[in-house]
Amino acid sequence: MKVGFFVGCNTAFNRPDLEQAVRYAFPALGIELDNLEGQSCCPSWGTMPSVDVVGWCVVGARNHTIAEEKGLDIVTVCGSCYGSLAESKYKMDTHPEIKEQVNNILKDFGREYKGTSNVRLTFYYLYHELGPDKIKEAIKYKLDGLKVALQPGCHTLWPSKVYYDKEEDPFHPRVLKEMCEALGATVGHYTRLIDCCGMGAMRSTDMEKSLKLVERKLLSMKSEVNPDLIVTGCSSCLIQFDTAQELLRNSKKINFEIPVLHYMQVLALCLGADPEKVTGLAKTNVKPIIERIVG
Amino acid sequence: MTNEQAVADIINLSEGDSSLANEIRELGGEELLECIQCAKCAAACPLALAGFSFFNKRVIQAVLMGLRDALLDDSSIWACQSCNRCTEICPREVNPFEIIQAMRRVAIREFALPTLSIEGLKSLYDTGHAVYLAGAGNTRNKVGLPEKPPSTVANPEALKELQAILRKTALAELGIIPMEEPGV
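Residues numbered from 1 in each chain as written. Chains lettered and ligands numbered in written order. Predicted model: local features only at pLDDT ≥ 70, side-chain atom pairs only at ≥ 80, totals over all residues.

Here we take up the overall build of chain B. Helix and strand counts for chain B come out as 13 helices and 0 strands. For chain B, whose C-alpha radius of gyration is 20 Å, the value lies well above the compact-globule estimate of 16 Å for 184 residues. When its C-alpha atoms are laid out on the principal axes, chain B stretches across 60 × 40 × 40 Å. Burial statistics for chain B: of 184 residues in total, 43% are counted as buried. (Helix = DSSP H or I, 4+ residues; strand = E, 2+ residues; numbered from the N terminus. Rg over C-alpha atoms; globule rule 2.2 N^0.38 Å. Buried ≥ 20, exposed ≤ 12 C-beta atoms within 10 Å, placed from the backbone.)

This next bit is on the overall build of chain A. Counting its regular elements, chain A contains 14 helices and 8 strands. Taking 295 residues into account, the globule formula puts the C-alpha radius of gyration at 19 Å, and chain A, at 19 Å, falls close to it. Referenced to the eigenvectors of the C-alpha coordinate spread, the extents of chain A come out at roughly 55 × 45 × 35 Å. Considering chain A as a whole, with its 295 residues, one finds that 59% of them fall into the buried category.

Residue and element names in this part refer to chain A. With parallel pairing, 4 strands are arranged side by side in an open sheet as 2-1-3-4. The sheet is open, and its two borders are formed by strand 2 (32–34) and strand 4 (119–121), each paired with just one other strand. When the angles between neighbouring strand axes are averaged without regard to direction, this sheet yields 45°. Note: strand 1 (residues 2–6) against strand 3 (residues 74–76), 3 bridges, orientation parallel. Within strand 3, the residue paired with Gly4 across the bridge is Ile74. Helix 6 (residues 122–129) contacts strand 1, strand 3 and strand 4 of the sheet and is inclined by roughly 95° relative to strand 4. (Pairing = 2+ DSSP bridges. Axes fitted to C-alpha atoms, helices over the stretch in contact; angles between N-to-C directions. Contact = placed C-beta atoms within 7 Å.)

All names here are of chain A. Read across the sheet, 4 strands follow the order 6-5-7-8 without closing on themselves; strand pairing throughout is parallel. A single partner strand is all that each edge strand has here, and the edge strands are strand 6 (186–187) and strand 8 (260–262). The strands touched by helix 8 (residues 175–182) within the sheet are strand 5 (147–151), strand 6 and strand 7 (229–232), with strand 5 carrying the most contacts at an inclination of about 150°. Its contacts with the sheet put helix 12 (residues 263–270) on strand 7 and strand 8, and the angle it makes with strand 8 is roughly 85°.

Residue and element names in this part refer to chain A. Domain annotation for chain A reports domain 1 (2–121) and domain 2 (132–294). Contact residues are listed per partner, giving 28 residues for domain 1 and 30 residues for domain 2. Elements represented by at least two residues in the side of domain 1 that touches domain 2 include exactly helix 1 (10–13), helix 2 (16–28), helix 4 (79–94) and strand 4. Per-element accounting of the side of domain 1 that touches domain 2 gives the leading share, 8 residues, to helix 2. When the residues that make up the side of domain 1 that touches domain 2 are grouped by side-chain class, the tally is 15 nonpolar, 9 polar and 4 charged. (Domains from an automatic or database assignment. Nonpolar A, V, L, I, M, F, W, Y, C, P; charged D, E, K, R; others polar.)

Next comes the structure, spelled out in C-alpha cells:
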C-alpha cells in the first residue's frame, strides 16, 4: 500500500513532531508514504479561497495532479488542508465549467486535473484501509487505563458531501473514538464535543473570542470527563489546545493543565516511536503520559 | 447609550446597495436567494457562539439588504472558521459558508482585507506556503527531519510553476501583492 503525504504549512513549520509521527506510523503499519515532491499550500481559507473560486481550485488542482500522476490518494494530518483540498476537488468534479477553466490554466504547465485521487485524513484512511483490529494487533504499547477526551475537529466532519471517508452522522462522530479505543483508551463523552476550538481565522482576527471557545471546551472536558489526555484529529486543534491552556491559566480562566496530542502522535508512541521525535514540541507537559504509555 | 447614539446606530435601509446581492452571486454565492432566514445555520455557527456581529444568517441578511459598508467595516467575515457546519445543516442548500467567502471576495476587490490576509497571500506567492516560518529549519532538525519539507520550499522549479499559475488567476488582476516575474 502506498499513499501521498500532503504535509501542509502548520505541520511542517509549527509542529514537525506531528509530521514525524506520520512518517513513523504509516511505514510501521506497512503503508509507504510518497512525498508528493513540489506540493504547495492547500491553499488555506484566508488566501486564494477568499480571492476567487477558480484561483482556489487551480492551486488545489496543481496539488491534486501531483498525486494523480502517481496514481495515489492524498493523506493529510491537517483539518484545513483536508477541507480545502476536498472542497476544491468537489467543486471541480461537480462543476464542469470550473474544471474547464482550471484545466485551461494548467495545460500550459503540462498538467490536467482529472479527479482520480481521493483526499483522505490520516486516521480515517487507517480506519477504512486497515481497521481498528489490525491496529490493535500492530501496537507494542497500550493506553490501558488512560482516560481520554476527544477533539475531532470541524474540517474532519463538515461538509460531509465533499469527503470520501464519511461518518454515519457527522454530528455524532465515532471514528476517532473507535480508533482511540483500539489503542486501549477509555474515551469519555462531554457536552461540547463537537464545538469549534476557535483556532484558525477566528484566532487571527480576535484572540479573546477565540480563547473563549477553547475555554468553554476545556471546562466541559474537565468537569465531565476529567481526562488524562486530550486527543485531537486535526493539527490546528492540536496547536490551539496545546498553546491556549497557559494563556488561560495566566488570565485565571482555568486552573489546570491537560496534556494534548494528535491521534497520529499517540499511535506512533504505541507503535514504538522515539517520544522526543514524535512529541518533542508539545507545550503541555506530555512526559508523564508518555511514561505511562511506554513504561 | 444616549438617545443620539441609539438613533445613529439605526440602519438606514434607503442607503442599501442593491448591486451587492448580484456581486455575491457572481463571486461564488450562487444560492443566495434561496435563503429563507430560518437561522438553523446561526444555531450551529462558531462566530455566533463567540459573539461576532455578523455570522452566516446575518451576513446573508445584510447582503440582501445591501448593507455593503456595514459588512466591510466589520471584521466578522474574516473570523469565519470555514467549518461548514452551516453548509451541512442548511435545509435550502444555500451554502452560507460560500456566501461569507463571496463577501470576502467583494471586500478584497475593494482592498478592504486584513493585513494578515495580505501577508498570507504574499507568503503563498513567495514560498508556496500561506504560513511559513523562516526559523523552522532548526525545529525540524531537532525532531530528526530535513530542514525543508518536500514542498515548494525545497523545489525551486515547483515554486516557479506555482507563481506562474498564480499570475494567471484573479489575484494578479487585483494588484494586492507584488507579483513580478523573476528577472523582469
